[in-house]
Amino acid sequence: MRTTLIGLGLAALTTGAAMAGPLDAYRWRSRVLVLSAPDAADADLRAQRAALGPMRGGAAERDLVVLEAVGTGAEARALRAQLSLPADEFRAVLVGKDGGAKLTAAAPIPPQTLFATIDAMPMRRGEMQERR
């Protein structure tokens, strides 16, 4: 699994957090977009990465972290198991700060759809009001 924090630098899961569940370290801190693919050459994975690349500012503003479960390693398997994702197909899953899956897609999610979904969440609306 490759961990990428868009606009926030790199982070690694602690051993304790990995044992509890790969997503638990992010609960109440970040929203997580999980990208799952059988391998790094997956066309949908590459398309999702390309779509998100220019959107780093919008992702950082929304506390969005991107985690990748690519290949068959133990960390990728653990992340897929936590979200019940298939190992042989692309999936993109948006997980809210509360740890619940908010959006699941079998194809890349356009950033506009991703951001609109996040912006409609009650917690995000509260964050936007606090920043005004």
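This is a predicted model, so every value here is computed, not measured.

Considerations on the nonpolar core
Then, in step 1: If you look at the biggest cluster of nonpolar residues, it comprises 18 residues, and the most contacted ones within it are Leu33, Leu35, Leu64 and Leu114.
Then, in step 2: Of all the secondary structure elements, the ones that give two or more residues to this core are strand 2 (31–37), helix 2 (43–52), strand 3 (64–70), strand 4 (91–95) and helix 5 (111–119).
Then, in step 3: One finds Val34, Ala76, Leu79 and Leu83 within the second-largest nonpolar core, a separate group that totals 13 residues.

Observations regarding helix 4 (residues 74–83)
Then, in step 1: Buried residues of helix 4: Ala76, Leu79, Arg80 and Leu83, and no others. Down the axis of helix 4, the buried side of the element spans an arc of 100°, and every buried residue falls inside it. Relative to its buried face, helix 4 has exposed residues pointing more than 90 degrees away, namely Ala74 and Ala81.
Then, in step 2: Among the structural elements, strand 2, strand 3 and strand 4 are those in contact with the buried residues of helix 4.

Quick notes on the environment of Glu75
Then, in step 1: Position of Glu75 among the secondary structure elements: in helix 4.
Then, in step 2: Through-space distance from the C-alpha of Glu75 to that of Pro22 is 7.7 Å; in sequence the pair is 53 residues apart.

Considering the pairing of strand 4
Then, in step 1: In terms of burial, strand 4 is largely enclosed, as five of its five residues are buried.
Then, in step 2: Sheet analysis places strand 2 next to strand 4, joined by five bridges and oriented antiparallel. Bridge pairing links Val34 to Val93 in strand 4.
Then, in step 3: The sheet contact formed by strand 4 and strand 5 (residues 101–105) spans four bridges and is antiparallel. Considered in strand 5, the bridge of Leu94 is made with Leu103.

Quick notes on the rules
Residues numbered from 1 in each chain as written. Predicted model: local features only at pLDDT ≥ 70, side-chain atom pairs only at ≥ 80, totals over all residues. Heavy atoms only, no water. Core = buried A, V, L, I, M, F, W, Y, C linked by side-chain atoms within 4.5 Å. Buried < 20%, exposed > 50% of the residue type's maximum accessible area, 1.4 Å probe, protein only. Helix = DSSP H or I, 4+ residues; strand = E, 2+ residues; numbered from the N terminus. Arc of directions from axis to C-beta. Contact = heavy atoms within 4.5 Å. Pairing = 2+ DSSP bridges.

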